[in-house]
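# Commentary on secondary and tertiary structure
Each chain, written out:
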Amino acid sequence: MKIKTAVSSYPEVSAMPRPKHRQPKKPNPFFRTLLKVLSGGELKQVHFTCEKHGMEKISDGEPCLILMNHSSFIDLKIASTLWYPKPFNIVCTSDGFVGKEWLMRNLGCIPTKKFITDLALVRDMMYTVKTLKSSILMYPEASYSFDGTATPLPDSLGMLIRRLNVPVVMIRTHGAFLRDPLYNGLRLRKTDVSADMTCLLTKEEIAAMTPDAINEILREQFSFDNFAEQLERGVKITESTRAEGLNRVLYRCPSCGCEGSMKASGITLQCGCCGKTWELLENGQMQAVTGGTEYPHIPDWYRWERECVRQEILDGTYSLDIPVKIRMMVNTKAVYEVGEGHLHHDKDGFRLTGCGGALDYTHKPLASYSLYSDYFWYELGDMICIGDHNALYYCFPETSQDVVAKTRLAAEEIFKITKSK
């Protein structure tokens, strides 16, 4: 999938009028049916099945909040099939509206900016369930998983569920991550996909619980490990390109500690500093070609990288300073290429400068609990996004090192450390 882009100067884009807020539309029945029909081909290809649990607790026509783990684009196809013909609106990243706002509105999409406090979104969701009488599909993790495990959930989710006062349904997919992991560059693998759809909380249960208690249930439900599940279920990924792009996630060598020199090709991952090589086996485990295997389980390797980043932050040695190409979003007409600059990140947050000295934006550590970052974003490249309600800045690193995963880990750990103080 691609996105509409345009070239303009930073002053010109900054001066563009911002779009006025628009209330959500009830999804058009024609587009709702079309989406289900178009989803059928891929779901048949992956032999999709679903087990339902406790759904009889929900009355016909009763709006619900549908929470779903986010693994790949097939998630929407699954939800569109399972919930049909009942209407549901979709909480969607605002850049998804670029160049196709009319279509997205008619599909019932509700735009929001990732990892930015959005009170308008809460009002839109209230309007959807109370006035439109439509359910809402929401991916509370907000971003695809890098390592196949859950990403952080916002602490505000429990309070939101209390305010909406509608049943909560959980759709948990199996195999969707293995079919299309984000790091692998949109290469679809041959594997089956299934799901569980569960009535997680009724209105009566929500009314009797505190927001913190609701959050505890959600964290438990969003605690999963796709690589562990692959091993447990004996799923084999046999594609000869299954390790390509894995350097984006496993960017630090556990043998010599070198960062940014990992190279992935075919089914292997190699450190460019010490030469040690690992193979990604068909069962999803890593195995050293020679010597001991430090982390057979990819999420353990990624967790070790997080611990290393956190220690750097505590020691005061963490810092990111890289040249970037800058794209900017202020409306849904296009994402604008505004020039080049430098992105700096440390314990005090982000600072983006550039565009001939016209741009100087700071993003404080407590502005967001995680970071909107992506691999091969709309087929443009690996990306780090910061911004606020006025503008979003999409930064594309101009460095040979893989920095996106580390920067997301650092942003999350700096938020935790700063908040604890």
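Quick summary incoming for the structure in this document.

What counts, and at which threshold
Residues numbered from 1 in each chain as written. Predicted model: local features only at pLDDT ≥ 70, side-chain atom pairs only at ≥ 80, totals over all residues. Heavy atoms only, no water. Axes fitted to C-alpha atoms, helices over the stretch in contact; angles between N-to-C directions. Helix = DSSP H or I, 4+ residues; strand = E, 2+ residues; numbered from the N terminus. Left-handed = near helix turned anticlockwise from the far one by under 90°. Contact = heavy atoms within 4.5 Å. Nonpolar A, V, L, I, M, F, W, Y, C, P; charged D, E, K, R; others polar. Polar contact = N/O pair within 3.5 Å; in protein donor to acceptor, adjacent residues only side chain to side chain. Buried < 20%, exposed > 50% of the residue type's maximum accessible area, 1.4 Å probe, protein only. Disulfide = S-S within 2.5 Å. Pairing = 2+ DSSP bridges.

### Things to note about the packing of helix 5 (residues 119-130) against helix 6 (residues 157-164)
Relative placement of two packed helices is described by the angle separating their axes and the distance separating the axes. Remark: helix 5 packs on helix 6, axes separated minimally by 10 Å, with the N-to-C direction vectors making an angle of 35°. For the crossing formed where helix 5 meets helix 6, the hand is right-handed. Of the residues in helix 6, those touching helix 5 at Val-122, Met-125, Met-126, Val-129 and Lys-130 are Leu-160, Arg-163 and Leu-164. Considering only residue class, the contact of helix 5 with helix 6 consists of 6 nonpolar, no polar and 2 charged.

### Examining unusual backbone geometry
Of note, the bond from Tyr-84 into Pro-85 is cis; its omega dihedral lies within 30 degrees of zero at 5°. Note that Pro-85 resides in the loop between helix 3 (74-83) and strand 4 (88-93). Positive phi, normally seen in glycine, also occurs at His-47, with a value near 55°. Structurally, His-47 can be placed in the loop between helix 2 (29-45) and strand 2 (49-53).

### Points about the environment of Tyr-375
Tracing the backbone shows Tyr-375 in the loop between strand 17 (372-374) and strand 18 (383-387). Considering only alpha carbons, one finds Tyr-375 and Thr-317, 58 residues apart in sequence, at a separation of 26 Å. Those residues in contact with Tyr-375 that lie beyond four places of it in its chain are Phe-146, Leu-182, Tyr-183, Arg-248, Val-249, Gly-381, Asp-382, Val-404 and Ala-405. Polar contacts involving the side chain of Tyr-375 include one to the main-chain carbonyl oxygen of Arg-248, which spans 3.1 Å.

### A closer look at the side chain of Glu-412
Looking at where Glu-412 falls in the secondary structure, it is placed in helix 12 (residues 404-420). Residue class for Glu-412 comes out buried when judged on its relative accessible area of 2%. Sequence-distant contacts of Glu-412, that is, excluding residues within four places in its chain, are made with Pro-152, Arg-306, Tyr-369 and Ser-370.

### A few points about the state of the cysteines
Tallied over the full model, the rule gives 1 disulfide. Disulfide pairing places Cys-258 opposite Cys-273 at an S-S distance of 2.1 Å. Residue Cys-258 is located in the loop between helix 10 (226-233) and strand 9 (262-265), and its partner Cys-273 is located in the loop between strand 10 (268-271) and strand 11 (277-280); the two are separated by 15 residues in the primary sequence. A relative accessible area of 45% places Cys-273 in the partly exposed class.

### Re the pairing of strand 3 (residues 65-68)
Judged by which residues are buried, strand 3 turns out to be covered on both faces: Leu-65 and Leu-67 on one side and Ile-66 and Met-68 on the other are all buried. Pairing of strand 3 with strand 6 (residues 135-138) involves 3 bridges; the strand directions are parallel. Bridging from a neighbouring strand, Leu-67 pairs with Met-138 of strand 6. Sheet analysis places strand 3 next to strand 7 (residues 168-174), joined by 4 bridges and oriented parallel. Its bridge partner being in strand 7, Leu-67 is matched across the sheet by Met-170.

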